[in-house]
Amino acid sequence: MKTARRRLGSALAVALLLGCRIGPPPGEGVEALVGGNIVDVVSGRVIPDGIVLIRHSRILAVGPRGDVPIPRGAKQTELTGRWLVPGLIDAHTHLQPWGQDLSLQWGVTTVRDLHAGAPLAASLAGRVTGVPRLFQAVAMLDANPPTYPDAIVVDAGEGRVAVDSAIRLGAGWIKLYTGITPELMEQVIAATRANRLPIAVHLGLTDALTAAQLGVTSIEHLSGIPEATGDSTGLFAEHRLGFFEGWTAFEQSWATLDTVALDRVARQLAGSGVVLVPTLGLHDTFARLDDSLVHQRPELAGVPDSARANWNLPGMIARAGWTADDYPFFRAARPVQDRFVREFVAAGGRVATGTDASNQLLVPGAGVHREMELLVRAGLSPLEALRAATLRGAELLRADSLGRIRPNAVADLVVLGGDPLADIRNTRQIVRVMLGGTWMARR
């Protein structure tokens, strides 16, 4: 035994003297991204000529080139002159499988899907490699009769039954729809407390301040805000007539809102901690359906013909009852909606990007870039818009390993050809996309 130990010790000594290595080098399995400008969305600072070390799916280290040594044997990827931002987050989708692929091509590495219906939700969740990571509500909860037949109906006194149904389908979020009254909302929220399920709401018969006070997590589409500024009797009456009647009245009401009351609601909502997912791209698109340029956006080329057919845009417009006379009213609402978002953020409110894709003319992935551009047009800085698509989305999802570039974060990264803090449109200059430490193939 002693002889064997002596031989082993001698072999180790010889190996060390000869400079031979025992086992793998310290950098094996590590990739070093070298020379890029790293955007720290938390601090708002840029690390020029930076290094990001990645092992498997996680970030090991981040910093200036002189501060982060590259381990011997690490693979090096040169990114000098490029910009690195966290993978983007779309916090409001209704995706089809083709939308998963397209989202990733546009640098969207995480999506929150708020209603696919059980069969499609299972199909989306079944694709686990090479697609954005997925947070799902599976099926929305709505009052009886529901707007969509595959919604989960919430009857009076049956909030727990509805929540349990969503959980059985695999929901990690609860999505409440326009027919939910404050009474039903309170029952659902009480039923989610044991599981701490977060709640997203598209409001109709509940105003935004009431929803925030009851404890919802996020408010979608700026819904419930006009109803919170004053007498909501007329708007609630329209919502009771049907979805499109309520949506039309809601959109048109923005242009006539009292700005003092609107600013008050912005401050109160910001103070409540609720997150807004304003989907400005949705409002802007539907306000300009009579503009041929809306139907010719370059990103629409990525939408398959089958999806375009399913959109049936003329059929949707007919169901809504919209005519050429409606669009000017919708357009008049847009500056007021922008004002509200600007005041909300100025008061400390948090906004996350959401697209409502892949509904009519709303393109998965590309819609996040448009949303950031519209947020800047509304008065946010490029940094605030980029945070909405990264940090704020991650906070909404309660996922502190996403939406930022720091040690131990998931290695979801987008390499850009231009500075997004100088011009938010540079987020469209996508060079490469990394999902969980793996570079995705460009198409």
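Preceding block: the structure.
Read on for a plain summary of the structure. (Residues numbered from 1 in each chain as written. Predicted model: local features only at pLDDT ≥ 70, side-chain atom pairs only at ≥ 80, totals over all residues. Heavy atoms only, no water.)

1. Details of the pattern of salt bridges
Then step 1. Scanning all chains against the criterion turns up 16 salt bridges.
Then step 2. In this structure, R392 engages E395 in a salt bridge whose closest nitrogen and oxygen atoms are separated by 3.1 Å. Here R392 pairs with E395, and both are found in helix α17 (residues 391–396), just 3 residues apart, close to one helical turn.
Then step 3. We note a salt bridge from D423 to R425, for which the minimum N-O separation is 2.8 Å.
Then step 4. On the basis of relative accessible area, D423 is assigned to the partly exposed category, the value being 25%.
Then step 5. Through salt bridges that share partners, D284, R288, D291, R334, D338 and R370 make up one connected network. (Salt bridge = Lys/Arg side-chain N within 4 Å of Asp/Glu carboxyl O. Helix = DSSP H or I, 4+ residues; strand = E, 2+ residues; numbered from the N terminus. Buried < 20%, exposed > 50% of the residue type's maximum accessible area, 1.4 Å probe, protein only.)

2. Description of the packing of aromatic side chains
Aromatic ring pairs: the centre-centre distance and the angle between the two ring planes describe each pair.
Then step 1. Evaluation of the coordinates by the stated rule reveals 12 aromatic pairs.
Then step 2. Judged by centre distance (5.9 Å) and plane angle (85°), the rings of F244 and W322 are edge-to-face. In this pair, F244 is assigned in helix α9 (residues 243–253) and W322 in the loop between α13 (313–320) and α14 (327–346), connecting sequence segments 78 residues apart.
Then step 3. Aromatic side chains W254 and F340 sit 6.2 Å apart centroid to centroid with 70° between the ring planes, which places their arrangement in the edge-to-face category. (Phe/Tyr/Trp six-rings, centres within 6.5 Å; stacked < 30°, edge-to-face > 60°.)

3. Examining the side chain of T390
Then step 1. Structurally, T390 can be placed in the loop between α16 (382–388) and α17.
Then step 2. Judged by relative accessible area, which is 0%, T390 ranks as buried.
Then step 3. If we skip the residues at most four places from it in the chain, T390 touches V41, P86, G87, L88, I89 and G403. (Contact = heavy atoms within 4.5 Å.)

4. Brief notes about the nonpolar core
Then step 1. Residues L141, W254, L269, W322 and F340 are the most contacted members of the largest nonpolar core, which totals 103 residues.
Then step 2. Residues contacting W322, with those up to four places away along its chain left out, are F244, W247, T248, F286, L289, M316, I317, Y327 and F330.
Then step 3. Grouped together as the second largest cluster of nonpolar side chains are 15 residues, L114, W173, A394 and A399 included. (Core = buried A, V, L, I, M, F, W, Y, C linked by side-chain atoms within 4.5 Å.)

5. Some thoughts on the pairing of strand β3 (residues 58–64)
Then step 1. With 6 bridges joining them, strand β2 (residues 46–55) and β3 adopt antiparallel strand pairing. Bridge pairing in β3 links I51 to G63.
Then step 2. Two successive antiparallel strands, β2 and β3, enclose a turn made up of 2 residues, where H56 displays a positive phi of approximately 55°. (Pairing = 2+ DSSP bridges.)

6. A short note on the sheet that holds strand β6 (residues 88–93)
Then step 1. Taken in spatial order, the 3 strands make up an open sheet running β6-β7-β8, and their pairing is parallel. In this open sheet, the two edge strands, each paired with only one partner strand, are β6 and β8 (133–136). Adjacent strand axes in the sheet meet at a mean angle of 15°, parallel and antiparallel pairs treated alike.
Then step 2. Where strand β7 (residues 108–113) lies against β8, 4 bridges are found, and the strand directions are parallel. Within β8, the position partnered with R112 by the bridge is F135.
Then step 3. Across the sheet, helix α15 (residues 366–377) touches β6 and β7, and the angle it forms with β6 is around 95°. (Axes fitted to C-alpha atoms, helices over the stretch in contact; angles between N-to-C directions.)

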